[in-house]
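# Structural characterization, general
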Amino acid sequence: MRRPHEVRIDAKACTGCGLCRDDCPMGNIALEERIAHVATQRCIMCGHCVAVCPEGAVSMTGFDEEPVELDGNERLDADELLRALRARRSIRRFASRPVDEDEVARIVEAGRVTPTGSNAQEVEFIVLRDALPEAERVAVRLFRRLLPLAKLLRPSIAHIKIDERFFFKNAPVAIMTVSKNRVDASLAAANMALMAEACGLGVLYSGFFTVATRLSPSLRRLLDLRHGQHVVATLVLGRPAVRYRRTAPKEPANARML
Ligand SMILES: Cc1cc2nc3c(=O)[nH]c(=O)nc-3n(C[C@H](O)[C@H](O)[C@H](O)COP(=O)(O)O)c2cc1C
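Notes on the structure follow. As the structure is a computational prediction, the values presented were derived from the model and not from experiment.

## A few points about the sheet that holds strand S6 (residues 173-178)
Ordered in space as S5-S6-S8-S7, the 4 strands form an open sheet in which the pairing is antiparallel. The open sheet is flanked by strand S5 (124-128) and strand S7 (202-205), the only strands paired with a single partner. Geometrically, the sheet is characterised by an average inter-axis angle of 25 degrees between neighbouring strands, direction not taken into account. Bridging between S5 and S6 involves 5 bridges; their strand directions are antiparallel. Of the residues in S6, the one forming a bridge with Val127 is Ile175. Sitting on the sheet, helix H4 (residues 101-112) touches S5, S6 and strand S8 (231-238), and the angle it makes with S5 is about 160 degrees.

Dropping the structure here:
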């Protein structure tokens, strides 16, 4: 449950420049006698007013973290980013080396700061480490039962075998994004995958495990999923035990310029 927040404007520090008013997506700030005023506290609490004020005169109550000052050098290099995006591959072979707690914390942090529709900030994260083997056992049992029917429906999986490590491929950690909003949780997962790669980890999105969490009540209990909560993405994380030497071709972008 989110704590209540309030936007506060320090009238002594406000110079009446109007930047907060101009940048507020809800039209919630007005200038009165050259001082900014908030019309209602029932806005989306996006914090643009806090972030844009040159005087640091705007704040929001009820958060644990203080704003970090930005110097304008926080940009990604476009060429480096594209190179990294082209080079990434789904990793299905993991070495036995562990994933550190601080790496997991950075990955979750990348998910936490990802934007959400209406600034909902309702995406939750489940880090599976100790419970990973049990979760995999339950999912494997389920998929082995479903496989004959699935093979009838999808000939492309005719040769698939469900071994004991079918979902997590010996990786030590999996992180799930959980939300009622699939877009929000998918965006968070994409940023988390990027962060994991930046930490030198290999990533596999496990669509199969995500499906298992939808079908298995025991898995839902194990993951402590509440009513209406859905796993949207499962990131399997570990040290890659394979090195890819070149990119693989992909189809051209189907982009329309209108
Ligand atoms: C949402 C999503 C779910 C996926 N689920 C699985 C999965 O359950 N098991 C698996 O082996 N690969 C899974 N993959 C990996 C895809 O099969 C993979 O992206 C594809 O083989 C292309 O390879 P690349 O990711 O290395 O470019 C998934 C990928 C995505 C994006």
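## Digging into unusual backbone geometry
A positive phi is found at Ser118, a non-glycine position, where the angle reads about 55 degrees. Relative to the elements of secondary structure, Ser118 occurs in the loop between H4 and S5. Residue Ser118 is classed as exposed on the basis of its relative accessible area of 61%. Of note, Gln121 is a non-glycine position whose phi angle comes to about 50 degrees, a positive value. Relative to the elements of secondary structure, Gln121 occurs in the loop between H4 and S5. Looking at Gln121, the relative accessible area reads 41%, which means it is partly exposed.

## Considerations on the site of the ligand
Close to the ligand lie Arg88, Arg89, Ser90, Arg92, Leu204, Tyr205, Ser206, Gly207, Phe208 and Lys250. In the model, a nitrogen atom of the ligand is placed 2.7 Å from a nitrogen or oxygen of the Gly207 main chain. For the ligand, an oxygen atom lies 3.5 Å from a polar atom in the side chain of Lys250. With the chains in place, 59% of the 610 Å² that the ligand exposes on its own is no longer accessible. Of all the secondary structure elements, the ones that give two or more residues to the shell around the ligand are S7 and helix H7 (207-215). A breakdown of the residues in the shell around the ligand according to their chemical character gives 3 nonpolar, 3 polar and 4 charged.

## Re the side chain of Asn119
For Asn119, the location among the structural elements is in the loop between H4 and S5. According to the relative accessible area criterion, Asn119 is buried, its value standing at 14%. Looking at Asn119, its side chain comes within polar contact range of the side chain of Gln121, at 2.9 Å.

## Examining helix H3 (residues 78-87)
Counting buried positions along H3 yields 0 of 10 residues, so the element is predominantly exposed. For H3, the capping residue at the N-terminal end is Asp77, with a side-chain oxygen 3.1 Å from the backbone nitrogen of Asp79.

Conventions and cut-offs
Residues numbered from 1 in each chain as written. Predicted model: local features only at pLDDT ≥ 70, side-chain atom pairs only at ≥ 80, totals over all residues. Heavy atoms only, no water. Pairing = 2+ DSSP bridges. Helix = DSSP H or I, 4+ residues; strand = E, 2+ residues; numbered from the N terminus. Axes fitted to C-alpha atoms, helices over the stretch in contact; angles between N-to-C directions. Contact = heavy atoms within 4.5 Å. Buried < 20%, exposed > 50% of the residue type's maximum accessible area, 1.4 Å probe, protein only. Near = heavy atom within 4 Å. Polar contact = N/O pair within 3.5 Å; in protein donor to acceptor, adjacent residues only side chain to side chain. Areas by Shrake-Rupley, 256 points an atom, 1.4 Å probe, with all protein chains shown as cover. Nonpolar A, V, L, I, M, F, W, Y, C, P; charged D, E, K, R; others polar.

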